[in-house]
Amino acid sequence: MPPRPLTAPRRLAARTAAVVITGALAAAVLPAAEAATPVTRPTAYVDPLIGSANGGNTFPGATAPNGMIAWSPTSTKGDQTGTGAANGYQYDTTRLRGLSLTHVNGAGCDPGAAGDIPVMPFVGDITSSPSADTKDAVYAADFSHDDERAVPGRYTVGLDSGATADLAVSRRAGVADFAFPAGKPANLLFRVSNSLNGSEDAEVRIDTARRKVTGSVLTGAFCGRRANGGTNNRKSYYRLYFTASFDRAFSSTGTWKDGTLAPGSTAGSGGEGYATGADRAGRGSGGWVGFDTTTDSDVHMRVGISYVSQAGAEANLKAEIAPHAGVDDVAAAASRSWDRELASVRTGGGTEAQRTAFYTALYHSLMQPNIISDTDGRYPGMDGKPHRIERGQGAQYSNFSGWDQYRAQIQLLALIKPEIAGDFAQSLYNFARQNGGVWDRWVHINGATHVMTGDPTAATLATFYAMGVRNFDYEGAYESLARQATVPVADGLSDAGCPGQCTGQRPNLAQYLDSHYAPQDVCHCWGGAAETLEDAVADDALGRWAGLLGRDEEAAAFRERGGWWRNVYNAQATDGAGTDGYIQPRNLDGSWAGPFSPGSDRGFAQGTSATYTWMVPQDVQGLAEAMGGRDVAARRLDGFFHKADGSWSVKGGDAVRYDPTNEPGIHAPWLYNALGQPWKTQETVREILNTVYGTGPRGLPGNDDLGTMSAWYVFSALGLYPQTPGGASMLLGAPLFPKAVIDRPHGGDITITAPAADAGHPYIDAVTVDGRAHDRSWTDASLLGRGGSLVYRLSATANTSWATAPSGLPR
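Residues numbered from 1 in each chain as written. Predicted model: local features only at pLDDT ≥ 70, side-chain atom pairs only at ≥ 80, totals over all residues. Heavy atoms only, no water.

Participant: I'm lost on the overall build of the protein in this one. Help?
Facilitator: Helix and strand counts for the protein come out as 19 helices and 35 strands. The C-alpha extent of the protein, read off along each of the three principal axes, is 80 × 65 × 50 Å. Across the protein, the fraction of contacts at a sequence separation of at least 24, relative to all contacts at a separation of at least 6, is 71%. Within the structure as shown, the protein displays about 26,400 Å² of accessible surface, and the carbon and sulfur contribution to it stands at 50%. Of the side-chain charges in the protein, 68 are positive and 82 negative, and the distance between the mean point of each set is 3 Å. (Helix = DSSP H or I, 4+ residues; strand = E, 2+ residues; numbered from the N terminus. Contact = heavy atoms within 4.5 Å. Areas by Shrake-Rupley, 256 points an atom, 1.4 Å probe, with all protein chains shown as cover. Lys, Arg positive; Asp, Glu negative; His and termini not counted. Charge placed at Lys NZ, Arg CZ, Asp CG, Glu CD.)

Participant: I would appreciate a short explanation of the state of the cysteines in the present structure.
Facilitator: For the structure on display, the rule yields two disulfides. Linked covalently through their sulfurs, cysteine 498 and cysteine 502 form a disulfide whose S-S length is 2.0 Å. Taking the torsion about the S-S bond as the criterion, the cysteine 498 to cysteine 502 disulfide, at about 140°, is right-handed. In this pair, the class of cysteine 498 matches that of cysteine 502, namely buried. (Disulfide = S-S within 2.5 Å. Buried < 20%, exposed > 50% of the residue type's maximum accessible area, 1.4 Å probe, protein only.)

Participant: Just to check I follow, could you spell out the packing of aromatic side chains for this structure?
Facilitator: Scanning all chains against the criterion turns up 33 aromatic pairs. Taken together, a centroid distance of 5.5 Å and an interplanar angle of 80° make the contact between tyrosine 238 and tyrosine 307 edge-to-face. Of this pair, tyrosine 238 sits in strand S12 (residues 238-246) while tyrosine 307 sits in the loop between strand S17 (298-306) and helix H3 (310-320), and the two are 69 residues apart along the sequence. Neither tyrosine 238 nor tyrosine 307 differs from the other in exposure class; each is buried. Ring centres 5.7 Å apart and planes at 5° place the aromatic pair tyrosine 429 and tryptophan 439 in the stacked group. Of this pair, tyrosine 429 sits in helix H8 (residues 418-434) while tryptophan 439 sits in the loop between H8 and strand S24 (442-444), placing them ten residues apart in sequence. With relative accessibility at 3%, the residue tryptophan 439 sits in the buried group. (Phe/Tyr/Trp six-rings, centres within 6.5 Å; stacked < 30°, edge-to-face > 60°.)

Participant: What is the right way to read the sheet that holds strand S18 (residues 345-348) from this model?
Facilitator: Strands in a sheet are paired, the pairing made by backbone hydrogen bonds, and the direction either parallel or antiparallel. Here six strands make up an open sheet; going across it, the order is S18-S30-S31-S35-S32-S33 and the pairing mixed. One side of each edge strand has no neighbouring strand; the edge strands of this open sheet are S18 and strand S33 (772-773). Examined bridge by bridge, S18 and strand S30 (residues 739-742) share four bridges and lie antiparallel to one another. Residue pairing for S30: glycine 348 is matched across the bridge by lysine 739. (Pairing = 2+ DSSP bridges.)

Participant: Help me out: how do you make sense of the pairing of strand S3 (residues 95-100) in this one?
Facilitator: Note on strand geometry: in a regular strand, side chains alternate between the two faces of the sheet. With respect to burial, S3 is a largely interior element, six of its six residues being buried. Relative to S3, strand S2 (residues 70-75) runs antiparallel, the two sharing four bridges. In the strand pairing of S3, serine 72 is matched with serine 100. One ladder, built from two bridges, connects S3 with strand S5 (residues 141-151); its direction is antiparallel. Bridge pairing in S5 links arginine 95 to aspartate 142.

Participant: I keep staring at the packing of H8 against helix H9 (residues 456-466) and nothing clicks. Help me out?
Facilitator: For any two helices packed against each other, the geometry comes down to the angle between their axes and how far apart the axes lie. Put simply, H8 and H9 touch, their axes get as near as 10 Å, and they point 145° apart. In this structure, the crossing between H8 and H9 has a hand that is left-handed. For the pair H8 and H9, the contacting residues are Ala421, Phe424, Ala425 and Leu428 in the first and Thr457, Leu461 and Phe464 in the second. (Axes fitted to C-alpha atoms, helices over the stretch in contact; angles between N-to-C directions. Left-handed = near helix turned anticlockwise from the far one by under 90°.)

Participant: I keep staring at unusual backbone geometry and nothing clicks. Help me out?
Facilitator: Trans is the prevailing form of peptide bonds, just as negative phi is the prevailing case for residues other than glycine. In this chain, glutamine 368 is followed by proline 369 through a cis amide linkage whose omega measures 10°. Along the chain, proline 369 falls in the loop between helix H5 (352-365) and strand S19 (370-371). A cis amide bond links cysteine 498 with the next residue in sequence, proline 499, at an omega value of -10°. Phi at asparagine 399 takes a positive value of approximately 70°, unusual for a residue other than glycine. At aspartate 705, a position not held by glycine, the phi torsion is positive, near 50°. Within the fold, aspartate 705 resides in the loop between helix H17 (678-691) and helix H18 (708-718). Classification of aspartate 705 as buried rests on a relative accessible area of 7%.

Participant: Looking at this structure, how should I read the packing of helix H10 (residues 474-486) against helix H12 (residues 528-548)?
Facilitator: As a packed pair, H10 and H12 sit with axes 11 Å apart at the nearest point and diverge in direction by 145°. As for the relative orientation of H10 and H12, their crossing is left-handed in sense. Every residue of H12 that contacts H10 at Tyr474, Ala477, Tyr478, Leu481 and Ala485 is listed here: Asp539, Leu542, Trp545 and Ala546.

Participant: What is the right way to read the sheet that holds S24 from this model?
Facilitator: Reading across the sheet, the three strands line up as S23-S24-S25 and stay open at both edges, with antiparallel pairing between neighbours. Since the sheet does not close on itself, it has two edges, and those belong to strand S23 (400-401) and strand S25 (447-448), each with one partner. Alignment of S23 against S24, held across two bridges, turns out to be antiparallel. Paired with phenylalanine 400 across the two strands is valine 443, which belongs to S24.

Participant: Is there a simple way to explain the pairing of strand S32 (residues 763-769) in this structure?
Facilitator: Pairing of S32 with strand S35 (residues 788-795) involves six bridges; the strand directions are antiparallel. Looking at S35, one finds that threonine 768 is bridged to valine 791. As defined by bridge partners, S32 adjoins S33 across two bridges and the pair is classed as antiparallel. What sits directly across from valine 769, in S33, is arginine 772. In sequence, S32 turns back onto S33 through a hairpin of two residues, with aspartate 770 there showing a positive phi of about 50°.

Keep in mind these values describe shape, not function.
So this is what it looks like as structure tokens:
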């Protein structure tokens, strides 16, 4: 049996404290020259607890890059049907009812998704059904953060009950060491029905002869089974299978269903149904295995999972974890894997806090997309049938938070992981073909959840292609997405799931093509103004893609549609204080839907007119012209980031100013580049980096949204930001680190050098690209295509003449 790194909760606390103290002393004596040395082991700077408070909805558990398994706590506030936060973990909630095998990073709805198969180490006798413990008063345990440690690929926690858990994972499998107090009853509960959103069915089987527990759960849904989702949310779309084997015999077994306990049983089943909230409490099934701790209080478990079959789970475990591998072995392999992934961006210099924030953000960005195919290439299709990956495809990926990710995370993926980006693009195309040609906005495992608004997949795949990703059927994918954008279907007239999860992916498309905007009163969408802006971005991206494919006529048509944002720009809409011209929803008869105020969310999705008015990244010059010119637009943008007294307002909470917690406006700090005042981008981005992001559990501004907010930080810290979806141009800002190298997989690395980078030099004084003076605040696609060198001369004061010539501004 491998050595146990943890035998008691307080030992973990002492060890963790020793690590922190040692690290602090090392930092204190580190020579300045050595401190600027490029990072060689980036996992040393990753803190998975960042974002686990303040609504970040990250999880601290063990996961591998793009992993299928994500083994992390499911916490409780005393309600069996709820958790501490959207993805099962909230830093301030220190009671847990299990360690679940699957999670989704940073999704905003509560409950979010997954949280399948919680495994709970329980000290005590099983005398009642855990499903009957509706307040989590008995079969749950408190813990202290002093007894918790999270690093990439490994999670360890000591419970106040005296039990401890030490977990490590590969992509589809994991190992665990559980330790129990000697001489006390020791059990592991498999709460098979208790996924975050409940379950339709679940099953557990205990094989005492082979020392195995197997089973599955049939579940689904994202954002909970909300009433407005109707049948969209009251159906299951995936079954997760698991197999768990042990290094020692069971001393007892049992199962339960609802309120009935069956000691000695070795098989059970039963889901929680489609009920929500209190109606679901007390339902469900599971099983337990007990262990004799008289002479041995340690238990070693190996587990594999699959979305295809029980045999798939067994095969995944066998393929990925050696028979006698211990937690240390698997954790070391996971750490090496993460170090390879995170070394895609090598930084030098900066403060300890900046390196921690940066590499944790990169870690969160690269958690997804998630593999859902087994090691043999089989995966569950969106049609509910098993499929095999396409020829040349490395894996089938899923978990696509499209409305969020198309703005930053997918660009980062294309930049540093283009082969995964291509496999992801092919995966989404595979799903669309299995789904009648429909590309869903928010894909979870093999389910179309319909969450959010617009057509983010068009923008995503167009961006992949523009950034050089080619390992997918880009001709077939383009034609399919172009068809979705031009051929109306019956679902487009449905209000099922609205708002928030409207079934139609291009709602009321026939009317949209006639009106050139989405009429608020017959929209069949979340909000007509938001839908128009989102579709305009998607169509412009399709036009750019068509142009690169040589489809000039289609390119012109889609690029024209990219300008339809103008049809919901009301030049007379006013804030009543002298500022006129806002995006406003419009009715079918052409009238403006009112009453209007910049802080209203009528016609918008998770945002207000004040925010959405800036959501025209594909035509910033056109937006500025509509506002009265670049200078007028820049003054308005000043007011978006500052209060009337000139102080900053970048932390959110004000309906008419910048909100760093949600996606529609996250590109806005970079708009100054196109308005001829790039120094304001530099100071605004630096203010956000310094005050909105940071270290510790509250280090993210809000929902990470499958790596989107983290990707914003990564780009901004590098002094780069994608100009517009469907393109490969990058806007330039002031780097946070003196040195950074973006390692492109097939050559063409990008080197960023800014020797004076520090807190006192937030402004660009001059830039050279490949040794030549560069007087533009952006780079074209050639930088990504061939790589290159960016050298910044930074300054303590703003250079108000650099990159301001009208002829050189980004469009």
